[in-house]
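Breakdown of the fold
One letter stands for each residue in the lines below.
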Amino acid sequence: MAALADTPDENPTDTTVSAGQLWSPGRRLGGRYRLERLVRGFGGTHTPDPQLWVGVDELLNRKVGVDLIAADHPLLEEVARAARDAAAVADARFVQVLDAVRDEDLLYIVTEWVPGAEQLGERLQEGPLSPAKATAMIREAAEAMVRAHEAEVAHGALNPATVLITAAGQVKVRGLLVEATLGGDAPEVHPAEARYAADVLALGRIWYAALTALWPEAQGELPLPPAPRDAALDRPYSPAQVRAAVPKQVDTAVRRALGMGDESAPAITTVKELADVIRSLPRLHDELAEPTSVLPRSRSRESAPTTVMSSASAGRPTELHDSPPSWTPTSAGRAGGPFWRRRGVLAVAGCAVLALATLAAFQFAGGGNGGSSAITSSGGTPSVGTVTIPPGTVGSQLSIHTASVWDENPSQSSIKSAKSAFDGSSTTGWKTTTQLQGVSFNGSYTGGSGIGLIFDLAAQHELDEVKFQVPFSGGTVEVLTAGASASASPTWSKTAGPAGYTVQGTDSQLTAGQDIAVKFSPVTTQYVMVLFTTLPYESAVTSTSTPEGYRDGLIDVRVYGA
């Protein structure tokens, strides 16, 4: 959609109406959405031009974004179709399309409002992000675009203004398909392959900008100045040539995304490939003390650059936020020294751990005298048939055999899609059956009920962590494990959990699009359950005939243990 990074006043007083403007503050659309303040127009030759307003959904008492397009606008049908297509992409990292309605004199598109969010372009005016944060940000954006392309929807207008960072540190991508369509670039104008390739190139440019606070084209993308260029090759210097803190693997990946690959590292052509490349990068960390001024480094003495870094970016601190953001995925590690030094330290640490493990094994084996001792768990009880892991550590990822739904009246689609929560067959995962308006779950089994999935590991395993993602924010979950006599398909109850299951951990106020990890002391079981005890409220989705109500889901469920 439009620029949803703007934060409206709680009591807006701006009632300015543009020349020829038919819409004004206070107007109600569909008897539900009240317009409050004009944020910006999209421009163009048509009067009135398409505009973004901030409004209030009076039914749910929350802020919303409202795009308004006059009924006689030549792009009306294309924009309406784009909004419907964008709404069908179920990924919370996109600014969600909530409604698209044709009224008497206009088409209005209601979208999620992101209060306090900041456009990436504005953030980069303060200086570049750390390599860890820049890579984590582009990974989130790339994985979101994977889901969009799987749904045959391209963005078409990705740039530093369409990537938002929320106050909580989440990544939000606005304007999926609609932004490009409003600009006159309807999907049918270009072949699908060309539109998908354009999104890959755009992500590469955004990644470059996040690492350097420069735009990798000869013409800067406002408000970013252009990067220095290698005149001999007619292309920008790579991020590592501009900024010494950029690791080699990241530098190579960015160049490939920009189409600057070679035989050993060919250009990346799909967002799926880009996301896979980012996931395969070594774990990065935030630099706490980087050089604050770096000149472009030449490829060789013969091609030494004569252009230095723009004064707009020289001398800027390379990292203004020491604490890692909440949206940083598992690819972003803990803070430490330079990348190459950390690898060396890890190697030394690995040797030390190996030596200690060897010594421990020697001692447990009876000091080499042929004796034997049982390795015991923290409670002192010998562990038979399993490998004991200390509390809070992560073992290997375990295979999930099947999943069953814990729900009083699950829909057929909920039952059939249960396996998509863990087997990678769908990027949208499994969703709960939408509960009627006014119905919610509160608390644990002591006073409420819930909806979730029970995962069968096919055999007894000792496990201590469950990871997953959710499509919507605001829910609460519990992770439970079954005892020796428990069943994978227990009888459903409104007031009690499945018989023989014990709560091992909880997580509240879940955030969509982030890895959620619930750790607990190691427990041996065949069945593990992820249960929603609170579901967030979501509006109806017209394009998929999904009613308004309480719902959530599970994506990429992983169980760790031994």
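Residues numbered from 1 in each chain as written. Predicted model: local features only at pLDDT ≥ 70, side-chain atom pairs only at ≥ 80, totals over all residues. Heavy atoms only, no water.

1. Some remarks on the overall build of the protein
- For the protein, the count of helices and strands is 10 helices and 21 strands.
- Taking all contacts inside the protein whose residues are at least 6 apart in sequence as the whole, residues at least 24 apart take part in 73%.
- Carbon and sulfur atoms provide 52% of the accessible area of the protein, an area that totals close to 24,900 Å². (Helix = DSSP H or I, 4+ residues; strand = E, 2+ residues; numbered from the N terminus. Contact = heavy atoms within 4.5 Å. Areas by Shrake-Rupley, 256 points an atom, 1.4 Å probe, with all protein chains shown as cover.)

2. What about the pattern of salt bridges?
- A complete count under the given rule lists 24 salt bridges for this structure.
- With its nearest N and O atoms 2.8 Å apart, the salt bridge here joins arginine 28 to glutamate 58. One end of the pair, arginine 28, is in strand β1 (residues 28-29); the other, glutamate 58, is in the loop between β3 (51-57) and β4 (62-70), with 30 residues separating them in the sequence.
- Arginine 28 sits in the partly exposed class, given a relative accessible area of 47%.
- Aspartate 57 serves as the salt-bridge partner of arginine 32, at 2.8 Å between the closest nitrogen and oxygen. Of the two residues, arginine 32 is situated in the loop between β1 and β2 (33-41) and aspartate 57 in strand β3; the sequence distance between them amounts to 25 residues. Across the pair, exposure class does not vary: arginine 32 and aspartate 57 are buried alike.
- Overlapping salt bridges bring together Asp91, Arg93, Arg139, Glu140, Glu143, Arg147, Lys272, Asp276 and Arg279 as one network. (Salt bridge = Lys/Arg side-chain N within 4 Å of Asp/Glu carboxyl O. Buried < 20%, exposed > 50% of the residue type's maximum accessible area, 1.4 Å probe, protein only.)

3. A few points about the packing of aromatic side chains
- A complete count under the given rule lists three aromatic pairs for this structure.
- Consider the rings of tyrosine 537 and tyrosine 550, whose centres lie 5.2 Å apart with planes at 75°: the pair is edge-to-face. With tyrosine 537 in strand β19 (residues 537-538) and tyrosine 550 in strand β20 (residues 549-550), this pair connects stretches of sequence that are 13 residues apart.
- By relative accessible area, tyrosine 537 is classed as buried at 17%. (Phe/Tyr/Trp six-rings, centres within 6.5 Å; stacked < 30°, edge-to-face > 60°.)

4. A few points about the packing of helix α3 (residues 131-150) against helix α5 (residues 192-212)
- It is the contact of α3 with α5, at a shortest axis distance of 9 Å, that shows an interaxial angle of 165°. Taken together, the axes of α3 and α5 lie roughly antiparallel to each other. Here α3 and α5 pass one another in a crossing that is right-handed. Contact residues: Pro131, Ala134, Thr135, Met137, Ile138, Ala141, Ala142, Met145 and His149 in α3; Tyr196, Asp199, Leu203, Ile206, Trp207, Ala210 and Leu211 in α5.
- For the contact of α3 with α5, the per-class residue count stands at 13 nonpolar, two polar and one charged. (Axes fitted to C-alpha atoms, helices over the stretch in contact; angles between N-to-C directions. Parallel < 35°, antiparallel > 145°, perpendicular 65-115°, else oblique. Left-handed = near helix turned anticlockwise from the far one by under 90°. Nonpolar A, V, L, I, M, F, W, Y, C, P; charged D, E, K, R; others polar.)

5. Structural notes on the sheet that holds β1
- Strand order in the open sheet formed by six strands is β1-β2-β3-β4-β6-β5, and the pairing between neighbours is antiparallel. This sheet does not close on itself; its edge strands, each paired only once, are β1 and β5 (97-102).
- In the sheet, β5 pairs with strand β6 (residues 106-112) via five bridges, with the strands oriented antiparallel. The residue bridging valine 97 from the neighbouring strand is threonine 111, located in β6.
- Of the strands in this sheet, β4, β5 and β6 are in contact with helix α1 (residues 76-87), which crosses β5 at around 150°. (Pairing = 2+ DSSP bridges.)

6. Regarding the sheet that holds strand β9 (residues 171-173)
- Ordered in space as β7-β8-β9, the three strands form an open sheet in which the pairing is antiparallel. Each edge of the open sheet carries a strand with a single partner, namely β7 (118-119) and β9.
- In terms of strand pairing, strand β8 (residues 163-165) meets β9 through three bridges, oriented antiparallel. Looking at the pairing, leucine 164 lines up with lysine 172 of β9.

7. A few points about the confidence of the model for the protein
- The share of residues in the protein with pLDDT of 70 or more is 71%, and the mean pLDDT across the chain is 75.
- Mean pLDDT values over the elements of the protein span from 43, in helix α9 (residues 339-364), up to 96, in helix α7 (residues 248-257).
- Here residues 287-349 scores under 50 on pLDDT; set against residues more than four positions off or in separate chains, the count is 131 contacts. (pLDDT = per-residue confidence, 0-100.)

8. Description of the nonpolar core
- Grouped together as the largest cluster of nonpolar side chains are 69 residues, with contacts concentrated most on Met137, Leu203 and Trp207.
- Ranked by residues supplied to this core, first place goes to α3 with 10 residues.
- Counting residues in each nonpolar core, the second largest holds 30 residues, with Phe520, Phe532, Leu535 and Tyr537 among its members. (Core = buried A, V, L, I, M, F, W, Y, C linked by side-chain atoms within 4.5 Å.)

9. A word on the environment of alanine 136
- On the secondary structure map, alanine 136 appears in helix α3.
- Expressed as a C-alpha distance, the spacing of alanine 136 and leucine 284, which sit 148 residues apart in the sequence, is 9.1 Å.

10. Thoughts on the side chain of glutamate 36
- Position of glutamate 36 among the secondary structure elements: in strand β2.
- For glutamate 36, a relative accessible area of 11% puts it in the buried group.
- Within polar-contact distance, the side chain of glutamate 36 engages the side chain of arginine 34 at 3.0 Å.
- In this structure the side chain of glutamate 36 is engaged in a polar contact, spanning 2.8 Å, whose partner is the side chain of lysine 63. (Polar contact = N/O pair within 3.5 Å; in protein donor to acceptor, adjacent residues only side chain to side chain.)

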